[in-house]
Amino acid sequence: MAERGLNRSDALYLMREADVFTLAKAAEELTRKYYGGVVTFVNNVVINYSNVCVAKCPICAFYRLPGHGEGYVRKPGEVAAMVERFAKELGVTELHINGGFNPFLTPEYFDELFREVKRRVPRVAIKGPTMAEVDYYAKLWRVSRQEVLSRWKEAGLDAISGGGAEIFAEEVRKVVAPHKISGEEWLEIAELAHKMGIPSNATMLYGHVEKEEHVVDHIFRVKELQERTGGLLLFIPVKFNPDNTELKARGVVARPAPSTYDVKVVAIARLILGDRLKVAAYWLSVGKKLASTLLLAGANDLVGTMYNEAVLTSAGARHSASVEELAEIAREVGKTPALRDTFHRVLAYL
């Protein structure tokens, strides 16, 4: 069934009714058929340019409102110096950068930020910010989304991170991200970026208030975007951790989803996406041990070392992993680890 392509009703039936072991086995067989036994990841550093954000998403433990004593904005030179240090000491080839909806930032701030990084470390790819940030700053600066993307690309932006997608279904977004763009708008901005030659990832935040049909719909819409543009680099299911979030404080989500659900989400993603797109085992959100299991359930990428990550860490995630630690996660389950760049070109088999 999976090889000839699932439709929405097939996928929903499998996610609801199939046992987790059957799903994982089918997804692993499909992954090996299309991608072999190689598991890739990038050596990257994560830097948030600011934690000041007016979106007030109840799923987020990272943001601080304007005027908060813990709010910050990093100077472009500070960011560039951090990237340069990580490149020299740990060999990172990618900067993953985003922040929030900061009403005090100007177009010139981002011009200087991206240009300074490229001046100091020209070989490091800049990936970020998110589709939601593109929309927010376009509105703040009263320009088009295309103008924001064009300006960022000219200043040095190489790719866009996949954050802000959450779950595309509007009834879910009203609960988890009521002040962000709609799912349709996220897809529109992604398609625009791809047509402008700016590739991106796509994420899906799961394990909060969504239902199986929302997960299936989200993945199909990612697949359809990829079929239209070919601009997606990686699909990243991100497990929600409620610690320190408003959703937990309000009693909406008490604890993380069970690991069996993690396996089902990754497996159904592979069964839907087939050979269209890699699927990530995002160790930072599920933990390193479970990430190994997900590599036997349809996943074939570990995202990255994620040095200095702060957003998921603020909700209780473990910090970074070295290149060797990620390689070992792959080896544990008989896979061949490979270091890649931002654009999924293999740099070395490990």
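Residues numbered from 1 in each chain as written. Predicted model: local features only at pLDDT ≥ 70, side-chain atom pairs only at ≥ 80, totals over all residues. Heavy atoms only, no water.

**Remarks on the pairing of strand 3 (residues 94-98)**
As a general feature of sheets, a regular strand has side chains that alternate between the two faces. Definition in use: Three labels apply to residues, based on accessible area from a 1.4 Å probe with only protein chains included: buried if under 20% of the type maximum, exposed if over 50%, partly exposed otherwise in between. Numbering goes from the N terminus for both helices and strands, where a helix is a DSSP run of H or I of at least four residues and a strand is a run of E of at least two. Here is how to tell: hold the view so the strands point away, follow the path from the first strand over the helix to the second, and if it runs clockwise the crossover is right-handed. Pairs of strands are assigned from DSSP output, requiring at least two bridges between the strands.
Burial analysis of strand 3 places five of its five residues in the buried class, which makes it a mostly covered element. With helix 3 (residues 76-90) bridging strand 2 (residues 44-48) and its parallel neighbour strand 3, the resulting β-α-β unit is right-handed. With three bridges connecting them, strand 3 and strand 4 (residues 125-127) associate as parallel partners. Its bridge partner being in strand 4, E94 is matched across the sheet by A125. Handedness of the crossover is the feature at issue here: the chain leaves strand 3, passes through helix 4 (residues 107-120), returns alongside strand 4, and the resulting connection is right-handed.

**Re the packing of helix 1 (residues 8-17) against helix 9 (residues 212-229)**
Formally: Only the stretch in contact is used when fitting a helix axis, every axis being a line fitted to C-alpha atoms; angles between N-to-C directions are given from 0 to 180 degrees. For this classification, under 35 degrees means roughly parallel, over 145 means roughly antiparallel, 65 to 115 means roughly perpendicular, and everything else is oblique. Crossing handedness is read from the near helix: turned anticlockwise from the far helix by less than a right angle, it gives a left-handed crossing, and turned clockwise, a right-handed one. For this analysis, residues touch if any pair of their heavy atoms sits within 4.5 Å. Under the scheme applied, nonpolar residues are Ala, Val, Leu, Ile, Met, Phe, Trp, Tyr, Cys and Pro; charged residues are Asp, Glu, Lys and Arg; polar residues are all the others, including Gly.
Packing of helix 1 against helix 9 brings their axes to within 9 Å, and their N-to-C directions diverge by 135 degrees. Between helix 1 and helix 9, the crossing angle belongs to the class labelled oblique. Here helix 1 runs over helix 9; the crossing is right-handed. For the pair helix 1 and helix 9, the contacting residues are R8, A11, L12, M15 and R16 in the first and E212, E213, V215, V216, D217, F220, R221 and E224 in the second. Partitioned by chemical class, the residues of the contact of helix 1 with helix 9 number six nonpolar, no polar and seven charged.

**Some points on the packing of aromatic side chains**
Counted only if it meets this: A pair of Phe, Tyr and Trp rings is counted when the ring centres sit within 6.5 Å of each other, with Trp represented by its six-membered ring. The angle between the planes then sorts it: under 30 degrees is stacked, over 60 is edge-to-face, the rest tilted.
Using the criterion set out here, one finds 15 aromatic pairs in the structure. When the ring of Y137 is compared with that of W152, the centres are 6.5 Å apart and the planes differ by 65 degrees; the resulting orientation is edge-to-face. Placement of Y137 in helix 5 (residues 131-141) and of W152 in helix 6 (residues 145-155) is noted, with a sequence separation of 15 residues between them. Overall, the relative accessible area of 1% leaves W152 in the buried class.

**Remarks on empty space enclosed by the protein**
The condition that has to hold: For cavity detection a 1 Å grid was placed over the protein atoms alone, and a set of points counts as a cavity when a 1.4 Å probe fits there but cannot get out; an open set counts as a pocket when protein lies on both sides within 12 Å along at least five of seven lines, with lining residues being those that have an atom within 4 Å of a point. Grid points are joined across faces, edges and corners, and a volume is the space filled by probe spheres set on the points.
In this structure the tally under the stated criterion is two cavities of 30 Å³ or more. Here the second largest cavity defines a volume of roughly 60 Å³. Around the second largest cavity, the lining residues are V42, N44, E94, K127, N201, L233, L234, I236, V303, R340, T342 and H344. Of the residues forming the lining of the second largest cavity, the biggest block, three residues, is contributed by strand 6 (residues 232-239). Residue classes in the lining of the second largest cavity are distributed as five nonpolar, four polar and three charged.

**What about the side chain of D301?**
Within the element layout of this structure, D301 appears in strand 7 (residues 301-304). Among residues more than four places away in sequence, those in contact with D301 are V39, T40, F41, L234, K278, V279, A280, A281, L295, R340 and H344.

**With respect to the side chain of T40**
Formally: Polar contacts here mean pairs of N or O atoms no more than 3.5 Å apart (in protein, one a potential hydrogen donor and the other a potential acceptor; neighbouring residues in sequence count only if both atoms are side-chain atoms).
The topology assignment puts T40 in strand 1 (residues 38-42). With a relative accessible area of 3%, T40 lands in the buried category. Only 2.7 Å separates the side chain of T40 from the side chain of K278, close enough to count as a polar contact. In this view, T40 contacts K278, N300, D301, L302, V303, A338, R340, H344 and V346; residues no more than four positions away in its chain are not counted.

**Quick look at the pairing of strand 9 (residues 346-349)**
Bridge count for strand 8 (residues 336-340) against strand 9 is three bridges, and the pairing is antiparallel. Counted as the bridge partner of L339 is A348 from strand 9. Taken together, strand 8 and the strand that follows it, strand 9, pair antiparallel across an intervening segment of five residues, in which H344 is found at a positive phi of about 65 degrees.

**Notes on the environment of E154**
Summarising the element assignment, E154 is placed in helix 6. Along the sequence, E154 and F114 sit 40 residues apart, while their C-alpha atoms lie 9.1 Å from each other.

**Quick notes on helix 9**
Put simply, the rule reads: Expected helix span is given by 1.5 Å per residue-to-residue step, counting one fewer step than there are residues.
Taking 1.5 Å per residue as the helical rise, helix 9 with its 18 residues ought to reach 26 Å, and the 26 Å between its terminal C-alpha atoms agrees with that figure. Within helix 9, burial applies to H214, V215, V216, H218, I219, F220, R221, V222, K223, L225 and Q226. For helix 9, the elements touching its buried residues are helix 1, helix 7 (170-176), helix 8 (183-195), strand 5 (200-206), strand 6 and helix 11 (259-273). Backbone geometry just downstream of helix 9 places G230 in the positive-phi region, at approximately 65 degrees.

**Description of unusual backbone geometry**
Cis geometry is adopted by the peptide bond preceding P129, which originates at G128 and carries an omega value of -20 degrees. Of note, P129 is situated in the loop between strand 4 and helix 5.

**Quick notes on the sheet that holds strand 7**
Pairing is mixed in the open sheet, where four strands are placed in the order 7-1-8-9. Across the chains shown, the open sheet's two edge strands, defined by having one partner strand only, are strand 7 and strand 9. Neighbour-to-neighbour, the strand axes of this sheet turn through a mean angle of 25 degrees, independent of strand direction. Sheet topology note: the strand 1/strand 8 ladder contains five bridges and is parallel. Residue pairing across strands places V39 opposite P337, the latter belonging to strand 8.

**So, the confidence of the model for the protein**
Using the following cut-off: Confidence scores labelled pLDDT are given residue by residue by the predictor and lie between 0 and 100.
A residue-level look at the protein finds 96% of positions with pLDDT of 70 or above and a mean pLDDT of 92. Low pLDDT, under 50, characterises residues 312-317; the stretch is placed with 17 contacts to residues that sit more than four places away or in other chains.

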